[in-house]
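Descriptive structure summary
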Amino acid sequence: FLETAAYFCMKPKMGEKEVSPHSFFSIWHEFSSDFKDFWKKENKLILQERVKEAEEVCRQKKGKSLYNIRPKHDSGIVSKNCTYT
């Protein structure tokens, strides 16, 4: 624990000889809860951006026809032999 506290440059409070676990983890708890909140917000924003991109791709694909419709040409036996009047 003391090595970890030294790694994060924790100094003991006034009147204490060493860093207490309570003081270290109270600061660590604040940091981790803030980090978690920001992480959730950032993930929500990223998800919203991805949903918008996916919706845009769907709109573009719906705008384009996946198949072509060609007009029917009058050719063949029926069109040559039959005259409709």
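Residues numbered from 1 in each chain as written. Predicted model: local features only at pLDDT ≥ 70, side-chain atom pairs only at ≥ 80, totals over all residues. Heavy atoms only, no water.

The chain has the name FMN2 protein in an unreviewed UniProt entry, where Nyctibius bracteatus is given as its organism.

**Topic: the overall build of the chain**
Summing up its helical and strand segments, the chain has three helices and zero strands in all. Starting at the N terminus, the α and β elements of the chain follow one another as α-α-α. Within the chain, the fraction of its 85 residues that count as buried is 5%. (Helix = DSSP H or I, 4+ residues; strand = E, 2+ residues; numbered from the N terminus. Buried < 20%, exposed > 50% of the residue type's maximum accessible area, 1.4 Å probe, protein only.)

**Points about the packing of aromatic side chains**
The final tally for this structure, using the stated rule, is 10 aromatic pairs. Summarising the aromatic geometry, the rings of Phe1 and Phe24 are spaced 5.5 Å apart at their centres and angled 90° between planes, so their arrangement reads as edge-to-face. Of the two residues, Phe1 is situated in the segment before helix 1 (2-7) and Phe24 in helix 2 (residues 21-63); the sequence distance between them amounts to 23 residues. Residue Phe1 is classed as partly exposed on the basis of its relative accessible area, which comes to 38%. Judged by centre distance (5.2 Å) and plane angle (85°), the rings of Tyr7 and Phe8 are edge-to-face. By way of ring pairs, the aromatic residues Phe1, Tyr7, Phe8, Phe24, Phe25, Trp28, Phe31, Phe35 and Trp39 are connected into one cluster. (Phe/Tyr/Trp six-rings, centres within 6.5 Å; stacked < 30°, edge-to-face > 60°.)

**Comments concerning the confidence of the model for the chain**
Taken over all residues, the pLDDT of the chain has a mean of 81, while the share at 70 or more is 78%. Taken element by element, the chain is modelled with least confidence in helix 3 (residues 77-81), mean pLDDT 60, and with most confidence in helix 2, mean pLDDT 91. (pLDDT = per-residue confidence, 0-100.)

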